[in-house]
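A structural walkthrough
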Amino acid sequence: MTVGTPITALWPTPSPVPLDDAALAARYGRTDRPHLRVNFVTSVDGAVTVDGYSAGLSGEPDKRVFGLLRMLCDGLVVAGGTMRHERYRPIRLDERRRAWRREHGLPQYPTLVVVSGSLNLDPAQAAFVDAPVRPVVLTHAAATAPPGLAEVADVVECGDDRVDLTAGLAELRRRGLGQLLCEGGPHLFGALTAADLVDEVCLTLAPLLAGPGPGRITAGGPSPVRHLPLRHVLAAADGGLLLRYTRD
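The residue numbering used here restarts from 1 in each chain and proceeds along that chain's sequence as written. Local features in this predicted model are restricted to residues whose pLDDT is 70 or higher, and side-chain atom pairs enter the listing and the counts only when it is 80 or higher, whereas totals over whole chains, interfaces and linings include all residues. Each side-chain value is derived from all of the structure's non-hydrogen atoms; neither hydrogens nor water enter the calculation.

As annotated in an unreviewed UniProt entry, the chain is Bifunctional deaminase-reductase domain protein from Salinispora arenicola.

Quick notes on the UniProt feature "domain: Bacterial bifunctional deaminase-reductase C-terminal" (unreviewed entry) in the chain
In plain terms, the rule: UniProt positions are given in the numbering used here, feature names are shortened, and annotations may be inferred rather than shown by experiment. Helix numbers and strand numbers start at the N terminus; a helix is a DSSP run of H or I with at least 4 residues, a strand a run of E with at least 2.
The UniProt record marks residues 34-235 with the feature "domain: Bacterial bifunctional deaminase-reductase C-terminal" (unreviewed entry), using the residue numbering of this structure. Within residues 34-235, the helical portion is 27% and the strand portion 22%, while the C-alpha atoms at the span's ends are 28 Å from each other.

Let's talk about the packing of helix α2 (residues 60-72) against helix α4 (residues 95-103)
Going by this rule: The angle between two axes is taken between their N-to-C directions and runs from 0 to 180 degrees, where each axis is a line fitted to C-alpha atoms and a helix contributes only its stretch in contact. The hand of a helix crossing depends on one turn: near helix anticlockwise from the far one by less than a right angle means left-handed, and clockwise means right-handed. Residue contacts follow a heavy-atom distance rule, with two residues in contact if any of their heavy atoms lie within 4.5 Å.
The contact between α2 and α4 brings their axes to 10 Å, and the two run at 30°. Crossing of α2 against α4: the hand is right-handed. Residues Arg64, Gly67, Leu68, Arg70, Met71 and Leu72 of α2 form the contact with α4, whose participating residues are Arg97, Trp100 and Arg101.

Describing the nonpolar core
Note the cut-off: Side-chain atoms within 4.5 Å are what join buried Ala, Val, Leu, Ile, Met, Phe, Trp, Tyr and Cys residues into a set we call a nonpolar core. Relative accessibility thresholds used throughout: buried, under 20% of the residue-type maximum; exposed, over 50%; partly exposed, between the two (1.4 Å probe, protein chains only).
Counting 35 residues, the largest nonpolar core has Ile7, Tyr28, Met83, Val114, Leu121, Phe128 and Leu234 as its most contacted members. Of all the secondary-structure elements, those providing two or more residues to this core are β1 (7-11), α1 (21-28), α2, β3 (75-79), β4 (111-115), α5 (126-129), α6 (149-152) and β9 (230-236). When residues in this core are grouped by element, the largest group, 5 residues, is from α2. Those residues in contact with leucine 234, other than ones at most four positions away along the chain, are Ile7, Thr8, Ala9, Leu10, Leu19, Leu24, Arg27, Tyr28, Gly240, Leu241 and Leu242. Counting 29 residues, the second largest nonpolar core, distinct from the first, contains Val113, Leu165, Leu180 and Cys182.

Focus on the sheet that holds strand β7 (residues 179-182)
Counted only if it meets this: When DSSP finds at least two bridges between two strands, those strands are taken to pair.
As summarised here, the arrangement of the 10 strands in space is β1-β9-β10-β8-β2-β7-β3-β4-β5-β6, forming an open sheet in which the pairing is mixed. Sheet topology places β1 and β6 (154-157) at the edges, where each strand pairs with a single neighbour. Going across the sheet, the axis of each strand differs from the next one's by a mean of 25°, ignoring polarity. Looking at chain direction, β4 and strand β5 (residues 136-139) are connected through 3 bridges and run parallel. If you follow valine 114 over to β5, its bridge partner there is valine 137.

A short note on the packing of aromatic side chains
How we decide: Pairing of aromatic rings covers Phe, Tyr and the six-membered ring of Trp, with a centre-to-centre limit of 6.5 Å; geometry is then stacked below 30 degrees between planes, edge-to-face above 60, and tilted otherwise.
This structure, assessed with the given rule, holds 1 aromatic pair. With centroids separated by 5.4 Å and ring planes inclined at 25°, the aromatic side chains of phenylalanine 40 and phenylalanine 189 adopt a geometry described as stacked. You can see phenylalanine 40 sitting in strand β2 (residues 35-43) and its partner phenylalanine 189 sitting in helix α8 (residues 186-194), a full 149 residues away along the chain. Residue classification places phenylalanine 40 among the buried residues on the basis of a relative accessible area of 7%. According to the relative accessible area criterion, phenylalanine 189 is buried, its value standing at 7%.

Pasting the structure below:
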């Protein structure tokens, strides 16, 4: 069943028929090997936020795909700063999406994975204390955990004085979290790109001009340019475009 603003296929096979959730899930899908997908929304002029938050860019179609991508993943990866700033809540799914996961042999909820080199985290944040699945925190050996964090999350050290993302993802996959979805922020995206760990980018292009000021969806030091072929373009009736790029 299609709910809300229609989304249709624009490329490579155009169709005017609105895509229901089952058809959308099939277009994004899961892979048969470990996979890291990154999901962002941006304005036409490249802004990652409006008034400091990504919510100002996200319309109903983007939120719909956002929820479906969470349904498809094993682990939801987010930087500690983004979790604080965007005020992350517990990662929960509605009954339809939990049923889909059960039918596909998955736990009812994905695991929240927080990447933090500083461990400037609040163990009392609802994303931790009300989580339906115990979260994982990836950090490094030189960081000091705040009191109570180990009571609400598995704290995993990856690296000596900075988070080793390659080792961190290997540990997540050892735990059975093979299909990973990263929701940012920009510095984590940049670090994942630099480490050549990004397999897929899902990008919603919002029909807005945000003007100068906000940053891009990626940040950090330079890294080699990598080819990432376009796989599909979906058009939302509100004027937004939903783009999917994956490795060859």
